[in-house]
Amino acid sequence: MTENKKVLTWLEEMKALCKPEKVVWIDGSEEQLEALRAEAVATGEMIKLNQEKLPGCYYHRTAENDVARVEDRTFICTETKEEAGPINNWMAPSEMYAKLNALYDGSMAGRTMYVIPYSMGPVGSPFSKIGIELTDSIYVVLNMDIMTRVGKAVIDALGKDGDFVKCLHAKKDVNPDERYIVHFPQDNTIMSVNSAYGGNVLLGKKCFALRIASYQGMKEGWMAEHMLILGLENPQGEVKYICAAFPSACGKTNLAMLIPPEFLKEKGYKVWTVGDDIAWLRVGEDGRLYAINPEAGFFGVAPGTSEKTNFNALAATKKNTIFTNVAINEDDMTVWWEGLDKNPPENAIEWKGAKVNGKEYIAEGNKLAHPNSRFTAPAVNCPCISKEFENPQGVPISAIVFGGRRAKTAPLVYQARDWNHGVFVGATMASETTAAAAGAVGVVRRDPMAMRPFVGYNMADYFQHWIDMGKKISNPPQIFNVNWFRLDDEGHFMWPGFGDNMRVLNWIIDRCDGKVDANETAIGFVPNKEDLQLEGLDIDDATLTELLSIDKEVWKEEVKDQREFFAQFGDKLPKEIKDEVDNLEKKLS
Ligand code: OXD
Ligand code: MN
């Protein structure tokens, strides 16, 4: 397949280590993929779903102990601990390589090693980067084919001496005690063992496109971010692009595929999806920031996805999709999950594989689908996919939006005063735990830029990189913070969310265009009520006032918590960030 000596040498080494029975290069042809699907069905690794109702769709079930990303088993192995920083798990590379080599030794005996050449970003785009994943799992091959650009064209783009990220995955016996998801940013290497769950094994996604890429971006002067990218089209047909970062499970995919409320739709407003999870950003010749989505598919959480909550995501799953750990309706071999509709199948197979009466099973307090069950759907299936999705130059970004789940602190929306203040707003991002997760409710978890689990180096250096990037962007995007999750005193959400979030996005674009004034507060610019499009919205004036209000006492507590969080970075915390905390405290007093 290739004459690239770096690829061939590494492949020989990995073959000698894992000792597979055979090695198969993935060329990306439909013929080869179809043969692999048939093989996976024959061995029981995948189940073929109803091909009339769900053409090209398959089902996969992971081990019960292997259903989510494992942050406590995820490592950043830089030469020094300081380079990895206080937030990442770290081990010295030599020690970790020794540990891993013992685990991989002979791990593919009697099995096939698949060689997947893949591109993050359109093949040949100046934004794009190439990886090669070696895996012994057909499920991984088929998911990578949806999530990235795979095959011969990538090898051609790599050429005789191009560089690539080395990715090794061995499923082994999915032993959680010996599960490791390890990154060596200084060696462009990722090693994953003893898992078969998406986020741990589709190494192009979180491992490469965020952890390794964030390190590459810091070295090379660009940014890899945990952000959706959407295009907002106004009635004149102009499209403005927004990137937005939210912690996991705050509705990124829903916002990326938002359907505007009726009155805005009638006027001609539309939303186009460029990406739902990851953005790679570079400064363009015109001094603006440009973004691509390095992925080619959506690896979305299934539960809660319905025609009402996300029509476009659901539509994207109707063909050529792989479902993982959802429930099966045995009557017609289709899929079901909590929140899809109100009709759980009677003849159901729950996610662990037991045949149950779905209605009774749920009534007994069980879940048919795992809460983190997923669909892997090609982006091209999405009815609102942007026509710029494949643009190798990316799209120009007008606004960056940060957000989290805050019951009382953050108003519905506010705008940062300038780039460095915006970096501070991102760096102080946080979300409060909900009743849905284990542990105490209302605990604040600091999640800077939604990158806490995904920065491949010291987070203090990451903040510095953001500050440094600001100096290179002569025409920077405006930075905002949103909070869709503010609660009233009875614990009810004050803002309807979903499609109505478009009203906030329109204000954001109006601010970028200098069309509306705002109210300057201690934390930034908050909307004047009359500048929000509220037509058709059932919200009273008092609620709106509350949604846009800032409680100084609550914010003084917030500053204390911010300082506590920043303290762990010691002297490494950029002066600009420290100045912003001091400034906020002064403005609040
Ligand atoms: C994801 C996550 O799966 O952020 O996208 O956890
Ligand atoms: Mn994510």
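When helices and strands are counted, the protein shows 18 helices and 30 strands. For 589 residues, the compact-globule formula gives about 25 Å, and the C-alpha radius of gyration of the protein, at 24 Å, lands near that figure. A principal-axis box enclosing the C-alpha atoms of the protein has dimensions of 70 × 55 × 45 Å. Contacts in the protein between residues at least 24 apart in sequence constitute 73% of all its contacts with a sequence separation of at least 6. Surface summary for the protein: the accessible area is close to 22,900 Å², and the carbon and sulfur share equals 49%. On the protein, the mean spot of the 66 positive side-chain charges and the mean spot of the 85 negative ones are 2 Å from each other.

Okay, the coordination of the manganese ion (ligand 2) next. Within the first shell, the manganese ion (ligand 2) binds the protein through K206 (NZ), H226 (NE2) and D277 (OD), at distances of 2.1 to 2.2 Å. Sequence spacing of the donors to the manganese ion (ligand 2): K-x19-H-x50-D. Separated by 71 residues along the polypeptide, K206 in helix α8 (residues 204–220) and D277 in the loop between β14 (270–275) and β15 (279–283) bring together distant segments of the chain. K206 gets classed as buried once you look at its relative accessible area, which sits at 7%. Residue class for D277 comes out buried when judged on its relative accessible area of 9%.

Once that is clear, we can look at the pairing of strand β8 (residues 165–170). In terms of burial, β8 is a largely internal element, 5 of the 6 residues being buried. Bridge count between strand β6 (residues 129–135) and β8: 5 bridges; the pairing is parallel. The partner of T135 across the bridge, within β8, is H169. The pairing of β8 with strand β10 (residues 189–193) spans 5 bridges and is classified as parallel.

Glancing now at the domain arrangement of the protein. Examined at the domain level, the protein breaks down into domain 1 (5–45 + 71–220), domain 2 (225–293 + 389–588) and domain 3 (298–381). Taking only C-alpha atoms into account, the centre of domain 2 sits 30 Å from that of domain 3. The interface of domain 2 with domain 3 comprises 8 residues on the first partner and 7 residues on the second. Buried area between domain 2 and domain 3, summed over both chains or domains, comes out near 730 Å², and the portion from carbon and sulfur atoms is 68%. Three residues, N254, M257 and I259, lead the burial of domain 2 against domain 3; their summed loss comes to 53% of the area buried on that side. Joining domain 2 to domain 3, the criterion identifies 0 salt bridges. In terms of residue class, the side of domain 2 that touches domain 3 is built from 4 nonpolar, 3 polar and 1 charged.

Turning our eyes to something else, we now look at the nonpolar core. The biggest cluster of nonpolar side chains holds 166 residues, and the ones touching the most others in it are W280, F402, F463, W466, I508 and F566. At 8 residues, the largest contribution of residues to this core is made by helix α5 (residues 138–147). Every residue in contact with F463, bar those within four places of it in the chain, is listed here: V423, A427, P448, M449, F566, F569, L573, P574 and I577. F75, M96, Y104 and L134 belong to the second-largest nonpolar core, a separate cluster that totals 31 residues.

Glancing now at the pattern of salt bridges. If you walk through the whole model with that rule in mind, you get 42 salt bridges. Measuring nitrogen to oxygen at the nearest pair gives 3.0 Å for the salt bridge that ties D156 to K152. In this pair, D156 and K152 both sit in helix α6 (residues 152–158), 4 residues apart, roughly one turn of the helix. Residue classification places D156 among the partly exposed residues on the basis of a relative accessible area of 47%. With a closest N to O distance of 2.9 Å, D277 and K252 form a salt bridge. One end of the pair, D277, is in the loop between β14 and β15; the other, K252, is in helix α9 (residues 252–256), with 25 residues separating them in the sequence. Its relative accessible area of 7% is what places K252 among the buried residues. The network of salt bridges with common partners includes K205, K206, K252, D277 and E295.

Reading the values: the criteria
- Residues numbered from 1 in each chain as written.
- Chains lettered and ligands numbered in written order.
- Predicted model: local features only at pLDDT ≥ 70, side-chain atom pairs only at ≥ 80, totals over all residues.
- Heavy atoms only, no water.
- Helix = DSSP H or I, 4+ residues; strand = E, 2+ residues; numbered from the N terminus.
- Rg over C-alpha atoms; globule rule 2.2 N^0.38 Å.
- Contact = heavy atoms within 4.5 Å.
- Areas by Shrake-Rupley, 256 points an atom, 1.4 Å probe, with all protein chains shown as cover.
- Lys, Arg positive; Asp, Glu negative; His and termini not counted.
- Charge placed at Lys NZ, Arg CZ, Asp CG, Glu CD.
- Donors = N, O, S within 2.8 Å, 3.2 Å for Na, K, Ca; no water.
- Buried < 20%, exposed > 50% of the residue type's maximum accessible area, 1.4 Å probe, protein only.
- Pairing = 2+ DSSP bridges.
- Domains from an automatic or database assignment.
- Buried area = accessible area lost by both parts, 1.4 Å probe.
- Salt bridge = Lys/Arg side-chain N within 4 Å of Asp/Glu carboxyl O.
- Nonpolar A, V, L, I, M, F, W, Y, C, P; charged D, E, K, R; others polar.
- Core = buried A, V, L, I, M, F, W, Y, C linked by side-chain atoms within 4.5 Å.

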